[in-house]
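What the coordinates show
Letter by letter, the chains look like this.
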Amino acid sequence: MEKFDYIVVGGGSSGCVMASRLSEDPGARVLLIESGRRDDAAFIKIPATFFKVIEKGRDIVAYVGEPAEGVNGRPSVVLQGNVIGGGSSVNAMLYVRGQAEDYDGWAQDGNRGWGYSDVLPVFRDLETNMEHSGEFHGTEGELHVSETGFHHPLSRAFIRAAQETGIPYNPDFNGSDQTGVGFYQTTTHNGRRWSAAEAFLRKAEKRKNLKIITEARVARILFEGTRAVGVTLEDGSRYGAAGEVVLCAGAIETPRLMQLSGIGNAKHLSDHGIEVVADLPGVGENYQDHLETTVQGVTKDPISFYRQDKGLRGALHMAQYLATRTGMLASNVVESGGFIDVSDVGLPDLQLHVLPFMVGWADREPIEEHGIAIGPCFLRPKSRGSVKLRSADFKDAALFDAGSFSHNDDLEILVRGVKKSIEILEAPSLARLIKRRALPEPGIENSDDALKDFVRQTAKTVFHPVGTAKMGPDSDSMAVVDTELRVRGVQGLRVADASIMPRLVSGNTNAPTMMIAERGARFITGKETLNC
Ligand SMILES: Cc1cc2nc3c(=O)[nH]c(=O)nc-3n(C[C@H](O)[C@H](O)[C@H](O)COP(=O)(O)OP(=O)(O)OC[C@H]3O[C@@H](n4cnc5c(N)ncnc54)[C@H](O)[C@@H]3O)c2cc1C
């Protein structure tokens, strides 16, 4: 059995950061195992073609949840990256950290050392921001953050229209106040996607002490007693870890791997004939995700992204992009949006993702016309779901319940979000471009019941699953990892991905997940300690 000091399971957003940091010490032998292929596909690199990556499906996995009452019996379909870079190679590239209050809330729940003042320096250390500098932004990190070089006229019109409804313009959602509308900062650099792989792995993969295996799935963590000592792959091959195994497989696969390996709710594991290594009832529980619905308007003129990838027009966009890295293909598509407080709670509780075309979903064909889509998305869900085992067989998909709208407040926020989005669509700067509203059907905003039904029928994830191996203090019986991300009840095992978030942050999850991995690596290498 080949032996390493550290084995990192999953080469996604967190795994790239982790493998890069652990291999900085030339004396440490590090193995990174990724189930997907390398991130060589051209569509991964070009910002606007991330839709093609999703359409083609080669570099993503779709997790299909149980049909849920909250979404009119529809199953949740949650896409996740299955490629080097993981989510950061297939996502919409929005760089958003969330609110200071998110992290202060984690700390108030007993996670000492995870307040905003603790995590802000880490965000800054990782970042090179092309526009912003000062208290909130870094200028020397590996992660390039910039505004894309292309802003669609519909994105600009949205920003003006939203201001006409009273929402302020905000040039920096990662600054002192998240409130407002504007252009998103993105993980792009010189017109290309800047994934965690580009930022952290490209340099590290040249090191002799880092071995990367792709297209290989970890099936189980190996234990000697309660110490993690390695992993077994699907094909039966084994690798040893003299130091630690670090789980970075994402919020669906990480808890599944833990359960398959004997870490989880003892009763659930025993029901599937799995020998219990550690009884941790929190594994796979506390699943949270962001859901959004959609408000769409058909434009008078053929100005949107609709069919811009086809025929001669598509070829011209590609030629411009290849020659100059500019034009529509340099756009991350979800260029604009914002954060608003629709429930008068004193902080934004709703995010808007705006697309300069009318998008469909797994169970909803796109409207075949030019238009704009405004996606209201709740920020701090109260609903909870779970990831459990269907069987002890690794090949069986997880029994996954997204818990969509299991708490009514989440539904109410989206109803308010739809009303606000309609108001924006009807404000002068957009109204002059819009021929008719396509979704929701005009008139239904007069009935809250009809709006609720519309939300249940159209709500979809924005692919931010977290929380299934949550961090928490000793007093929390559902905590899976301690504040240095060590799995409770065992030795030599940590989780350093999106699973550890106790509560979902108020925004997109890629930047927070990389921050978590960076801290995890600092704890492992002893660069930082919380003495927990
Ligand atoms: C389509 C999409 C759009 C998104 N848009 C945005 C956005 O614009 N901005 C933003 O901030 N966030 C966005 N996100 C979310 C963000 O990308 C994720 O929160 C983040 O990537 C999670 O990082 P992670 O390391 O926890 O998991 P991942 O990045 O998913 O990494 C997990 C990795 O582990 C691998 N893996 C899983 N199981 C195994 C196994 N058994 N053996 C070996 N390898 C395994 C997977 O293939 C994957 O590469 C988006 C996500 C998606 C899918």
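Residues numbered from 1 in each chain as written. Predicted model: local features only at pLDDT ≥ 70, side-chain atom pairs only at ≥ 80, totals over all residues.

**A word on the overall build of the protein**
Helix and strand counts for the protein come out as 15 helices and 25 strands. In summary, the protein has a C-alpha radius of gyration of 22 Å against a globular reference of 24 Å for 532 residues, a match within 12%. Along the first, second and third principal axes, the C-alpha atoms of the protein reach 70 × 50 × 45 Å. Per-residue burial for the protein yields a buried fraction of 56% across its 532 residues. (Helix = DSSP H or I, 4+ residues; strand = E, 2+ residues; numbered from the N terminus. Rg over C-alpha atoms; globule rule 2.2 N^0.38 Å. Buried ≥ 20, exposed ≤ 12 C-beta atoms within 10 Å, placed from the backbone.)

**Details of the domain arrangement of the protein**
The domain architecture assigned to the protein consists of domain 1 (1-94 + 208-287 + 386-405 + 470-527) and domain 2 (148-183 + 291-378 + 407-458). Distance from the C-alpha centre of domain 1 to the C-alpha centre of domain 2: 31 Å. Classifying every residue of the side of domain 1 that touches domain 2 gives ten nonpolar, six polar and one charged. (Domains from an automatic or database assignment. Nonpolar A, V, L, I, M, F, W, Y, C, P; charged D, E, K, R; others polar.)

**Considerations on the site of the ligand**
Taken together, 42 residues lie near the ligand, and G10, G12, G86, G87 and N508 sit nearest. Elements that contribute at least two residues to the shell around the ligand include exactly α1 (13-22), β4 (74-81), α4 (87-90), α9 (250-260) and α15 (510-525). Taken together, the residues that form the shell around the ligand break down as 17 nonpolar, 21 polar and four charged. (Near = placed C-beta within 6 Å.)

**Examining the packing of α1 against α15**
Between α1 and α15, the shortest axis-to-axis distance is 8 Å and the interhelical angle comes to 30 degrees. Taken together, the axes of α1 and α15 are roughly parallel relative to one another. Where α1 crosses over α15, the two elements pack in a sense that is right-handed. Two secondary-structure elements touch here, α1 through S13, S14, V17, M18, R21 and L22 and α15 through N510, T513, M514, I516, A517, E518, G520, A521, I524 and T525. Classifying every residue of the contact of α1 with α15 by side-chain character gives eight nonpolar, six polar and two charged. (Axes fitted to C-alpha atoms, helices over the stretch in contact; angles between N-to-C directions. Parallel < 35°, antiparallel > 145°, perpendicular 65-115°, else oblique. Left-handed = near helix turned anticlockwise from the far one by under 90°. Contact = placed C-beta atoms within 7 Å.)

**Some details on the confidence of the model for the protein**
Here the protein averages 97 in pLDDT, and 100% of its residues register 70 or above. Taken over the whole predicted complex, pTM reads 0.98, whereas the ipTM for its chain interfaces reads 0.99. (pLDDT = per-residue confidence, 0-100.)

**Digging into the UniProt feature "domain: Glucose-methanol-choline oxidoreductase N-terminal" (unreviewed entry) in the protein**
UniProt marks residues 81-104 and 250-264 with the feature "domain: Glucose-methanol-choline oxidoreductase N-terminal" (unreviewed entry), using the numbering shown here. Along residues 81-104 one finds 38% helix and 4% strand; the C-alpha atoms at either end are 29 Å apart. The distance from the first to the last C-alpha atom of residues 250-264 is 16 Å, and the span holds 73% helix and 13% strand. (UniProt positions renumbered as here; feature names shortened; annotations may be inferred.)

**Comments concerning the packing of helix α6 (residues 116-126) against α15**
Contact geometry of α6 with α15 gives a least axis separation of 10 Å together with a crossing angle of 100 degrees. With respect to α15, the axis of α6 lies roughly perpendicular. Where α6 approaches α15, its residues V119, V122, F123 and L126 are matched on the opposing element by A511, M514, M515, E518 and R519. Each residue belonging to the contact of α6 with α15 can be placed in one class, and the counts come to seven nonpolar, no polar and two charged.

**Some remarks on unusual backbone geometry**
A cis geometry characterises the amide bond from L439 onward to P440, with omega recorded as -15 degrees. Checked against the element boundaries, P440 lands in the loop between β23 (434-439) and α14 (448-458). Non-glycine residue N190 carries a positive phi angle of around 50 degrees. One can find N190 in the loop between β8 (188-189) and β9 (192-193). On the basis of neighbour counts, which here come to 11 C-beta atoms within 10 Å, the residue N190 falls in the exposed class. One non-glycine residue with positive phi stands out, namely E215, at about 50 degrees. Here E215 is to be found in the loop between β10 (210-213) and β11 (218-224).

**Comments concerning α6**
Residues V119, F123 and L126 constitute the buried set of α6. Buried residues along α6 cover an arc of 65 degrees about the axis, so they all sit on one side. Residues S117 and P121 are exposed on α6 and point more than 90 degrees away from its buried face. On the buried face of α6, the contacting elements are α5 (100-108), β5 (127-129), β6 (143-145) and α15. (Arc of directions from axis to C-beta.)

**A few points about α15**
In a regular helix each residue adds 1.5 Å, so 16 residues correspond to 22 Å; α15 covers 23 Å between its end C-alpha atoms and thus fits that length. Counting buried residues along α15, 14 of its 16 residues qualify, which places the element largely inside the surrounding structure. (Expected span 1.5 Å × (residues − 1).)

**Quick word on the nonpolar core**
The biggest cluster of nonpolar side chains holds 160 residues, and the ones touching the most others in it are I7, V8, V9, M18, A19, F158 and V245. Look past the residues within four positions of M18 in its chain and what remains in contact with it is V8, V246, C248, A496, A517, G520 and A521. (Core = buried A, V, L, I, M, F, W, Y, C linked by C-beta atoms within 7 Å.)

**So, the pairing of strand β1 (residues 2-9)**
In this structure, β1 lies alongside strand β13 (residues 238-247), joined through seven bridges in parallel fashion. Paired with V9 across the two strands is L247, which belongs to β13. Here β1 runs beside strand β2 (residues 30-33); their pairing, made up of four bridges, is parallel. By the bridge assignment, Y6 is partnered in β2 with V30. After leaving β1, the chain enters α1 and then returns to the sheet as β2, a path that is right-handed. (Pairing = 2+ DSSP bridges. Right-handed = clockwise from strand over helix to strand, strands pointing away.)

**Some thoughts on the pairing of strand β3 (residues 60-68)**
Pairing analysis gives seven bridges linking β3 to β4, with the strands arranged antiparallel. Across the sheet, A68 pairs through a bridge with R74, a residue of β4. A loop of five residues connects β3 with β4, the two strands running antiparallel in sequence, and N72 in this loop sits at a positive phi of about 55 degrees.

**Section: the environment of V277**
Examined against the element boundaries, V277 turns out to sit in the loop between α10 (266-271) and β15 (278-279). For V277, a count of 23 C-beta atoms within 10 Å gives the class buried. Taking the C-alpha atoms as reference, V277 lies 7.7 Å from S261; in sequence the two are 16 residues apart. Residues contacting V277, with those up to four places away along its chain left out, are F223, T226, S261, G262, I263 and V490.

**Concerning the environment of I7**
Its place among the elements puts I7 in strand β1. Residues I7 and A62, spaced 55 residues apart in sequence, show a C-alpha to C-alpha distance of 26 Å. With residues up to four places along the chain from it excluded, the contact list for I7 reads L31, I33, G230, V231, Y239, A241 and V245.

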